[in-house]
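Structural features, examined
One-letter residues, chain by chain:
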Amino acid sequence: MKDINWNDYSLETQAIRAGHKRTHEDEHSIPIFATSSYVFKSAEEAALRFTGQKPGNIYSRFTNPTVNAFQERLALMEKGERCLAFSSGMAAIMAVGMGLLKAGDHVLCSRGVFGNTVLMFQNYFSKFGVETDFVDLIDTAAWEAAIKPNTRFLFLETPSNPLIEIADISALADIAHKHGSLLIVDNCFCTPVLQKPFELGADIVIHSATKYIDGQGRCVGGAVIASDEIIEKFIYPYLRTGGATMSPFNAWVFLSGLETLAVRMKAHCDSAFELAKWLEQQPGIDKVHYPGLASHAQHELVKRQQSHFGGIVSFELTGGKEHAWKLIDATEMLSITANLGDVKTTITHPATTTHGRLAPEVRAAAGIKNGLVRISVGLESLEDIKKDILRGL
Ligand SMILES: *Cc1c(COP(=O)(O)O)cnc(C)c1O
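Below or above, wherever it landed, is the structure these notes cover. (Residues numbered from 1 in each chain as written. Predicted model: local features only at pLDDT ≥ 70, side-chain atom pairs only at ≥ 80, totals over all residues. Heavy atoms only, no water.)

**Things to note about the pattern of salt bridges**
A side chain of one charge can pair with a side chain of the opposite charge if their charged atoms are brought near each other. Scanning the model with the defined rule gives 21 salt bridges in all. For Arg-82, the salt bridge goes to Asp-228, with nearest N and O atoms at 3.9 Å. With a gap of 146 residues between them, Arg-82 in strand E1 (residues 82–86) and Asp-228 in helix H9 (residues 228–242) connect regions that are remote in the sequence. Salt-bridge contacts for Lys-387 lead to Asp-384; the nearest nitrogen and oxygen are separated by 3.6 Å. With Lys-387 and Asp-384 both in helix H15 (residues 382–390) and three residues apart, this pair spans about one turn of that helix. Residue class for Asp-384 comes out partly exposed when judged on its relative accessible area of 33%. Overlapping salt bridges, with partners in common, bring together Glu-45, Arg-49 and Lys-54 in one network. (Salt bridge = Lys/Arg side-chain N within 4 Å of Asp/Glu carboxyl O. Helix = DSSP H or I, 4+ residues; strand = E, 2+ residues; numbered from the N terminus. Buried < 20%, exposed > 50% of the residue type's maximum accessible area, 1.4 Å probe, protein only.)

**Focus on the sheet that holds strand E9 (residues 312–317)**
The strand order E8-E9-E12-E11-E10 describes an open sheet built from five strands, whose pairing is mixed. Looking at strand neighbours, the two that pair on one side only are strand E8 (285–289) and strand E10 (335–336), the edges of this open sheet. Strand contacts of helix H13 (residues 320–330): E9, E10, strand E11 (346–348) and strand E12 (372–376), with the helix running at about 130 degrees to E9, the strand carrying the most contacts. (Pairing = 2+ DSSP bridges. Contact = heavy atoms within 4.5 Å. Axes fitted to C-alpha atoms, helices over the stretch in contact; angles between N-to-C directions.)

**With respect to a nonpolar patch on the surface**
On the surface, a nonpolar cluster with roughly 270 Å² of combined accessible area is contributed by Ile-32, Phe-249 and Trp-252. Within the secondary structure, Ile-32 is located in the loop between helix H1 (11–17) and helix H2 (43–50). Given a relative accessible area of 35%, Ile-32 falls into the partly exposed group. (Patch = residues over 30% accessible without salt bridge, like charges linked within 9 Å, V, L, I, M, F, W, Y side chains within 5 Å. Areas by Shrake-Rupley, 256 points an atom, 1.4 Å probe, with all protein chains shown as cover.)

**Concerning the packing of helix H3 (residues 65–78) against helix H10 (residues 248–259)**
Where H3 meets H10, the closest approach of the two axes is 8 Å, and the angle between their N-to-C directions is 35 degrees. Considering the relative orientation of H3 and H10, their crossing is left-handed. Contact residues: Thr-66, Val-67, Ala-69, Phe-70, Arg-73, Leu-74 and Met-77 in H3; Pro-248, Ala-251, Trp-252, Phe-254, Leu-255, Leu-258 and Glu-259 in H10. Grouping the constituent residues of the contact of H3 with H10 by class yields eleven nonpolar, one polar and two charged. (Left-handed = near helix turned anticlockwise from the far one by under 90°. Nonpolar A, V, L, I, M, F, W, Y, C, P; charged D, E, K, R; others polar.)

**Examining the environment of Leu-261**
Within the fold, Leu-261 resides in helix H11 (residues 261–280). The buried category is assigned to Leu-261, whose relative accessible area is 0%.

**So, helix H7 (residues 169–178)**
If you check which residues of H7 are buried, you get Ile-169, Leu-172, Ala-173, Ile-175 and Ala-176. Axial view of H7: buried residues confined to an arc of 165 degrees, hence all on one face. Facing away from the buried side of H7 by over 90 degrees, the exposed positions are Asp-174 and Lys-178. On the buried face of H7, the contacting elements are helix H6 (140–146), strand E4 (151–157), strand E5 (182–186) and helix H12 (299–305). Positive backbone phi, at 70 degrees, marks Gly-180, one or two positions downstream of H7. (Arc of directions from axis to C-beta.)

**Quick word on the side chain of Thr-345**
Within the secondary structure, Thr-345 sits in the loop between E10 and E11. Residue Thr-345 is classed as buried on the basis of its relative accessible area, which comes to 0%. Only 2.8 Å separates the side chain of Thr-345 from the backbone nitrogen of Gly-378, close enough to count as a polar contact. In this structure the side chain of Thr-345 is engaged in a polar contact, spanning 2.5 Å, whose partner is the side chain of Glu-380. Apart from the residues lying within four places of it in its own chain, the contact partners of Thr-345 are Leu-334, Ser-335, Ile-375, Ser-376, Val-377, Gly-378, Glu-380 and Ile-385. (Polar contact = N/O pair within 3.5 Å; in protein donor to acceptor, adjacent residues only side chain to side chain.)

**A closer look at the packing of aromatic side chains**
On inspection of all chains with the given rule, the structure shows eleven aromatic pairs. With centroids separated by 4.9 Å and ring planes inclined at 55 degrees, the aromatic side chains of Trp-6 and Tyr-9 adopt a geometry described as tilted. For Trp-6, a relative accessible area of 14% corresponds to the buried category. The interplanar angle of 35 degrees and the centroid separation of 5.8 Å between the aromatic rings of Phe-121 and Phe-125 together place this pair among those described as tilted. Considered together, Phe-121 and Phe-125 belong to a single accessibility category, that of buried residues. Among the aromatic side chains, those forming a connected cluster through ring pairs are Phe-121, Phe-125, Phe-153 and Phe-155. Residue placement shows Lys-277 over the ring face of Phe-273; its charged tip is 4.2 Å from the ring centre. (Phe/Tyr/Trp six-rings, centres within 6.5 Å; stacked < 30°, edge-to-face > 60°. Lys NZ or Arg CZ within 6 Å of the ring centre and 35° of its normal.)

Structure, rendered in C-alpha cells:
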C-alpha cells in the first residue's frame, strides 16, 4: 500500500480510504481485529512497548488496529490532530471531564445540551468539587459575563436540540481563549461534513458516533478529537485507565458509516430543507425551527458557519400537546423514537420524552413548548414522509 498523505485529499476521499493499513493478506476492506491482546517478539520488546519506548499494540483497551483506523479517519475529516474513540458519546464527554477537570474548577455549559450531558456535570462532576453554570447558547454576552478565573472549559452543542439554535463558535472560542479556557464543541448534529469547529477556533470536538456517523441506528460509540498535546496529556491516559474503549466491531461499523457520510448528510439536509419549507405552509403550525429558513433568528450566522442546514426540523403545533400526540400517533411509517441521524425518519415529542424530566418552568425557560414536535429527517421518499405527517395535521 502506498504511503499517502491523506491531508492532501478532500473529506469525501478521506472518509472512504484513509486509516486502513493493509495487512500482508492484501485485503480490500478493513478487517475487524478481534483480539484483546498482542504478542511481543521478546521480553525486551514487551518491556519497551510497555514503557512507550517502542510504538505498537499492547492490549485492546489501549489500542486496536480497527479502532485506530476509525480514529485516524475521523481526525482527518474533522481537521483535528488526533482522535480517540470511546464506547459511547457520553463516555467521550466523561473522558474529557475526567481528563481535564480537578476539584475547584468551573465549567460553563450551554443550557440546551443533551440531557445526560447536563446530568454528567450537575450530578456527577459536582460531587468532586467541579461547579457548572448553564448559559443560553446564543447569548454570547452571557457566556462572557459568566466566565470565571477558574473556568476550565466552555461546552456547547450547535445546532441545539430540539430548537435548532445556532451558537457563534468563533466568538465563543475568542472569549474562551481570552480567559485562558478551552472551547469544547459537541459536533454530533452537524458531523464534519457540515461544520468544522477547529477551523472556527474550537479546542476539542466531541462526537456521538451513534447518530449520523453510524447513520443506520446499529451501534453506540463516541469520539474525542483534539491536539496531540491535549490527547496525550489529558485524554489518552484516562482512556487507558478508565477503560470505556470502543469495540473493534463497532469501529468497523462506524468506518463504513463514514464512507457514506457525505452523501447521506447532503440527502438528509436537502430533504429537511424541503420539509421545513413545506411545513411552514401547512395550517395548524405556529412556528417551524430550521436554520435554512429566512425566519430563523441565526439564518445569517448558520450560512457562514455550516455548509448546509442539517437534517433536524422541529415545529410547534397550535393545538399544544394534544395535537402533537395526535400527529405522532397518526403516522404509520415514521419511527416514534428519540434517536436521530438515522436513514429512517424519526419523530418525537420533546416535552414528554427527552425533556420530560425537567420541571415545567425550566422547560418553559428553555423554550420547549408542549406543542413542539421534532423530526430527524431520514432518507425515505420525501413525498412519503409528508404524506405520513399529513395524516395527523
Ligand atoms: C446522543 C447524543 C450524545 C450521547 O451519545 P451516546 O452515544 O448516546 O452516548 C451526546 N451529544 C449529543 C448531541 C447527542 O445527540
